[in-house]
Amino acid sequence: MTLKICVLGSGSEGNSALVYSETTAVLIDAGFSCRKIVEKLEGVGFDPANLDALLITHEHGDHMRGAGLLSKKYSLPVYLTEGTLSGSRGALHKDVPKETLHPDETFTIGDIEIDPFTVPHDAGEPVA
């Protein structure tokens, strides 16, 4: 399997990265507006309708700004820790499926294996 990574943005104005294989696509963080994320994805030739999931590393706006609308618009399940969900203050729509991930517990989305681990940061339960 070939895994590709495309950083859509990294910095105080927003963070987001696309990780994808031939069959699965995951967006890590949605720190830009939904419109801006769609523009960035389309700008690298990726159709946002082909996303399978959204992973949120922590609840700060520069990582989560567009998560609510993006997940609702594209029916994306959102993977995040309990601490991140608690700290998100309702940023996600209640009808969007939320999947709790646990630091140091590997899980898979399609053919992509994800191994989240705890990182030090001033957030509820941040992972990388």
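Residues numbered from 1 in each chain as written. Predicted model: local features only at pLDDT ≥ 70, side-chain atom pairs only at ≥ 80, totals over all residues. Heavy atoms only, no water.

**A closer look at the environment of Leu 69**
Relative to the helices and strands, Leu 69 resides in helix α3 (residues 67-73). Placed 46 residues apart in sequence, Leu 69 and Asp 115 show a C-alpha to C-alpha distance of 26 Å. Setting aside its immediate chain neighbours within four residues, Leu 69 contacts Cys 34 and His 93. (Helix = DSSP H or I, 4+ residues; strand = E, 2+ residues; numbered from the N terminus. Contact = heavy atoms within 4.5 Å.)

**Observations concerning the pairing of strand β3 (residues 25-28)**
For a regular strand, side-chain orientation follows a simple rule: the groups alternate between the two sheet faces. Where strand β2 (residues 16-20) meets β3, four bridges bridge the pair, whose relative direction is antiparallel. Each bridged residue has a counterpart across the sheet, and for Val 19 the counterpart in β3 is Val 26. What sits between β2 and β3 in their antiparallel hairpin is a turn of four residues. Of the pairings in the sheet, the one linking β3 to strand β4 (residues 53-55) comprises three bridges and is parallel in character. (Pairing = 2+ DSSP bridges.)

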